[in-house]
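Descriptive analysis of the structure
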Amino acid sequence: MLRAGIVGLPNVGKSTLFNAVVANAKAQAANFPFCTIEPNVGVVAVPDQRLQVLAQISESAEIVPARIEFVDIAGLVKGASKGEGLGNQFLANIREVDAIVHVVRCFENDDIIHVSGSVDPVRDIEVINLELALSDLAQIERRIERTRKQAKTSKEAQVELVILEKLQVALNEGKQARQVALTDEEEVIVKPLGLLTRKPVIYAANVSEDDLATGNAWVEQVRAVAVQDQAQVVVVSAQVESELIELPEADRAEFLESLGVEEGGLQSLIQATYELLGLRTYFTTGPKETRAWTIKAGMLAPQAAGVIHTDFERGFIRAETVAYEDLVTAGSMNAAKEKGLVRSEGKEYLVQEGDVMLFRFNV
């Protein structure tokens, strides 16, 4: 399962947001640093209205959405790359995730102590990014030392050394590793390093209830940083989200409307995380269930079938495929077939976002 790590300075709202992301999460949210010691983990559904529509068409007994695993990682502090605040342990937790959700405090509240004494999202981002970069730099330098010895006799090591030195220069210049352009082949070489600053990032600008609809000057500062950092920004209010999960489902829309928004930042955050990782969704649907399946962009039909079961990929024959919009317009699978909208696709078919598929395969 894909994993996204929630990181940030202490007392920026990470655990409160995590508790909202996973309504039944037991992460403690308290007003002091290092409240979270062991990373809390929760699995959440990816919101997708298409599932309900397909389930109605197929009269499905069950709906199974795609899911993402969120990991609530303890607050980092200045010096984390050198072990401050249990930094090494927390940095190791970040290496294990696919993407980073960087929570940035964009609200004023005298009752919640800021670890640096004031609200300054640009400074806070720089503190976290610097610690991640320093950790990456130390790792790359250790790797360079070993690779230089191997490069005397190995062409593969010589190639790797060039890539490592390119990354080293960028990090020393204050850049993040993800800002360095690498070929697909180079990416494969550096992937085992699990570089923290190579991971895709979403900045979650955590605002007060009053600023959820409009944002504020601090949010604009975060957006400016994100442009330079090749990152996305989602405006959330951890406090609003924590209040939402306490309300009956029927009252949530009215509460959000009173704040001037159609949906909470939580749904936007989940969807943005899903999109950030370059993922696509295809569907299977029938009387038993309607299910969303997660694949990487660029997967061919047999690979997509393999997400369901490896036997499907090995014995793949063809995929009966219809676009979601075409199926909805037709009103049923039989009607879509009568109109010639259901296609028989072979092994070279590139699966598209929203395809509804039925795989034929040999056991």
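Residues numbered from 1 in each chain as written. Predicted model: local features only at pLDDT ≥ 70, side-chain atom pairs only at ≥ 80, totals over all residues. Heavy atoms only, no water.

**Side note on the environment of Phe361**
Operational definition: Every helix listed is a DSSP run of H or I at least four residues long, and every strand listed is a run of E at least two residues long, numbered separately from the N terminus. Categorising residues by exposure relies on relative accessible area from a 1.4 Å probe, with only protein chains included: less than 20% of the type maximum marks a residue as buried, more than 50% marks it as exposed, and the intermediate range marks it as partly exposed. The criterion used for residue contact is that any of the two residues' heavy atoms lie within 4.5 Å.
Here Phe361 is to be found in strand S12 (residues 355-361). Take Phe361: its relative accessible area is 28%, and that puts it in the partly exposed class. Along the chain, Phe361 and Asp311 lie 50 residues apart, while their C-alpha atoms are 8.1 Å from each other. When near neighbours in sequence (up to four residues on either side) are disregarded, Phe361 contacts Asp311, Phe312, Gly315, Phe316 and Ile317.

**Focus on the UniProt feature "binding site: ATP" (unreviewed entry) in the protein**
Put simply, the rule is: UniProt positions are given in the numbering used here, feature names are shortened, and annotations may be inferred rather than shown by experiment.
Listed under "binding site: ATP" (unreviewed entry) in the UniProt record, and renumbered for this structure, are Asn11, Val12, Gly13, Lys14, Ser15 and Thr16. Within the element layout of this structure, Val12 appears in the loop between strand S1 (3-7) and helix H1 (14-21). Ignoring anything within four residues of it in the chain, the contact list for Val12 reads Val103, Arg105, Phe107 and Asn206. Structurally, Lys14 can be placed in helix H1.

**Points about the nonpolar core**
Nonpolar side chains in soluble globular proteins generally cluster together in the buried interior. What counts here: As used here, the term nonpolar core means buried Ala, Val, Leu, Ile, Met, Phe, Trp, Tyr and Cys residues forming a set that is joined through side-chain atoms within 4.5 Å.
Judged by nonpolar contacts, the single largest core of 71 residues is most densely connected at Phe70, Ile94 and Tyr203. Of all the elements, helix H10 (residues 265-276) adds the most residues to this core, at six residues. When near neighbours in sequence (up to four residues on either side) are disregarded, Phe70 contacts Ala4, Ile6, Phe18, Val21, Asn40, Val41, Gly42, Val44, Val101, Ile270 and Thr273. Ranked by size, the runner-up nonpolar core spans 18 residues in total, among them Ile163, Leu167, Leu182 and Leu193.

**Some thoughts on the UniProt feature "coiled-coil region" (unreviewed entry) in the protein**
The positions that UniProt labels "coiled-coil region" (unreviewed entry) are, in the present scheme, residues 130-157. Within residues 130-157, the helical portion is 86% and the strand portion 0%, while the C-alpha atoms at the span's ends are 28 Å from each other.

**Details of the pairing of strand S8 (residues 279-285)**
Put simply, the rule is: Paired strands are those between which DSSP finds at least two bridges.
Where burial is concerned, most of S8 is hidden: five out of the seven residues are buried. As paired elements, S8 and strand S9 (residues 289-296) share seven bridges and run antiparallel to each other. Bridging across to S9, Thr285 finds its partner in Thr290.

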